[in-house]
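# Commentary on secondary and tertiary structure
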Amino acid sequence: MKKKAMKYRLIKILCVGIIFGALIGMLLMGLSGRARIKEVREECKTTEDKLKKENEQLQAEAEKAKVQPSSEAIAKENAEKLASNDDDWSLVLINSESPLDTSYAPSLTKITDDYSVDSRIADDTKKMFQDAADAGMSLNIISAYRDYETQRGVFNDTMLNWIYQGKTPLDAYDETKQSVAVPGTSEHATGLAMDITSSTYQELDDEQENTDEAKWLKANCANYGYILRYPTNKSDVTGIVYEPWHFRYVGKTAAKEIMKQGITLEEYLEQQKDGK
Ligand SMILES: [Zn+2]
């Protein structure tokens, strides 16, 4: 009986041992299985990331390979659009990437003895100056229509000035480009742009914005189809520094929208394209 009890006890211990061992084994297998799943998941993620990156690179290359229209083609197209009487002639975009054919010559109307604008905007422009005068403003025109050769002269003079101040020609060119449009990329050649200051403060610098005249223009220009073309903090979009004196005619509908939103012509045209 004693022997039998011992045997039974041994079997019991053995059984418990086997069951316990099996449990631990299962637990360990479960853990390692889970670790493996995690590993596989991470491997998948790495592969996915790699493929995504490769795809992005391929797309960027494809984008680059797309044939961009030449700047000459854009320049011609801009000149044609401006010369046409299509609805959007006044919305032509002129900047460093969208130049204007150097032969473009608008039909001009004098608004003072010295300055002319595109004849199609003469009435609106004259009205703006008349209303400004009636409101007690004393506006002073610094520049209006400038042909290609005049623009070249302005650009060269500004660049020379920087060279006299000790800049290398290359640095002088870069510096000039910030404030004077490279000939062929100036809005002044369209006959749709004007530089206007206060008569009492005629400097072309940031302080201009503090004059009553600049404030009046900013608040009212859209009513006559004009916009403040190079707003502050928008140089990254326009490529031109803040110019509180440079106004561009775009037509009343666009002007009101642009000034209301505080955006640039570039941004407005993007919105139009997106159908907003
Ligand atoms: Zn200007």
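The rules behind the values
Every chain is numbered on its own, with residues counted from 1 as its sequence reads. pLDDT decides what is reported in this predicted model: residues at 70 or higher carry local features, side-chain atom pairs at 80 or more are listed and counted, and totals for whole chains, interfaces and linings draw on all residues regardless. To obtain the side-chain values, all non-hydrogen atoms of the structure were used and water was disregarded. Strand pairing follows a simple DSSP-based rule, namely that at least 2 bridges must link the two strands. Helical segments are the DSSP runs of H or I of at least four residues, strand segments are the runs of E of at least two, and each set is numbered from the N terminus. What counts as an axis is a line fitted to C-alpha atoms, over the stretch in contact for a helix, and the angles between N-to-C directions run from 0 to 180 degrees. Boundaries of every domain are those given by an automatic assignment or by a domain database. UniProt positions are given in the numbering used here, feature names are shortened, and annotations may be inferred rather than shown by experiment. To form a nonpolar core, buried Ala, Val, Leu, Ile, Met, Phe, Trp, Tyr and Cys residues must be joined to one another through side-chain atoms within 4.5 Å. Only protein chains enter the area calculation, which uses a 1.4 Å probe; residues under 20% of their type maximum are buried, those over 50% are exposed, and those in between are partly exposed. A contact between two residues is defined here by any heavy atoms of the two lying within 4.5 Å. In this description, a donor is an N, O or S atom within 2.8 Å of the metal centre, a cutoff extended to 3.2 Å for sodium, potassium and calcium. Water is not part of the atom list, which can make sites seem incomplete. Sites are called tetrahedral only when four donors show all angles between 85 and 135 degrees, square planar or octahedral only when four or six donors show opposite pairs over 155 degrees and all other angles between 65 and 115, and irregular in any remaining case. For the purposes of these results, a polar contact is taken to be a pair of N or O atoms within 3.5 Å, where, inside protein, one atom must be able to donate a hydrogen and its partner to accept one; residues adjacent in sequence count only when each atom of the pair is a side-chain atom.

Two pairing modes exist for strands in a sheet, parallel and antiparallel, and in both the strands are linked by backbone hydrogen bonds. Taking strand neighbours across the sheet as the criterion, the four strands line up as 3-4-6-5 in an open arrangement whose pairing is antiparallel. Edge positions in the sheet fall to strand 3 (139-143) and strand 5 (226-228), since each has one partner strand and no second. Neighbour to neighbour, the strand axes of the sheet diverge by 40° on average, direction disregarded. Of the strand pairs in this sheet, strand 5 and strand 6 (residues 246-249) are connected by three bridges, and their pairing is antiparallel. Following the sheet pairing, I227 is matched in strand 6 by R248.

This brings us to the domain arrangement of the chain. Split by domain assignment, the chain resolves into domain 1 (1-66) and domain 2 (71-146 + 186-273). Placing a centre on the C-alpha atoms of domain 1 and another on those of domain 2 gives a separation of 69 Å.

Mapped onto this numbering, the UniProt entry annotates "domain: D-alanyl-D-alanine carboxypeptidase-like core" (unreviewed entry) at residues 116-252. In this annotation, residues 116-252 is assigned 40% helix and 15% strand; the end-to-end C-alpha distance for the span is 20 Å.

Here the focus is the nonpolar core. By size, the foremost hydrophobic cluster in this structure holds 30 residues, and its most contacted members are M128, M194, I196 and Y226. Breaking this core down by element, the ones donating at least two residues are helix 2 (71-83), helix 3 (122-134), strand 3, strand 4 (193-198), helix 6 (212-220), strand 5 and strand 6. In terms of residues, this core owes the most to one element, helix 3, which gives four residues. Sequence-distant contacts of Y226, defined by excluding residues within four places in its chain, comprise I121, T125, M128, L192, M194, C221, F247, R248, Y249, A255 and M259.

To continue, consider the coordination of the zinc ion. Coordination of the zinc ion by the protein comes from H188 (NE2), D195 (OD), D195 (OD) and H246 (ND1), over a distance range of 2.1 to 2.7 Å. Metal-centred angles of 52 to 150° between the four donor atoms at the zinc ion mark the site as irregular. Along the chain, the residues donating to the zinc ion are arranged with the sequence spacing H-x6-D-x50-H. Taken together, the residues span a long stretch of sequence, with H188 in the loop between helix 5 (169-179) and strand 4 and H246 in strand 6 at a distance of 58 residues. Residues H188 and H246 agree in their burial class; the two are buried.

Moving on to the side chain of E187. Take E187: it is sitting in the loop between helix 5 and strand 4. Residue classification places E187 among the buried residues on the basis of a relative accessible area of 1%. A polar contact of 2.9 Å, which involves the side chain of E187, links it to the side chain of H246. If we ignore the near neighbours within four places in the chain, the residues touching E187 are I94, L192, A193, R229, Y230, H246, R248 and L265.

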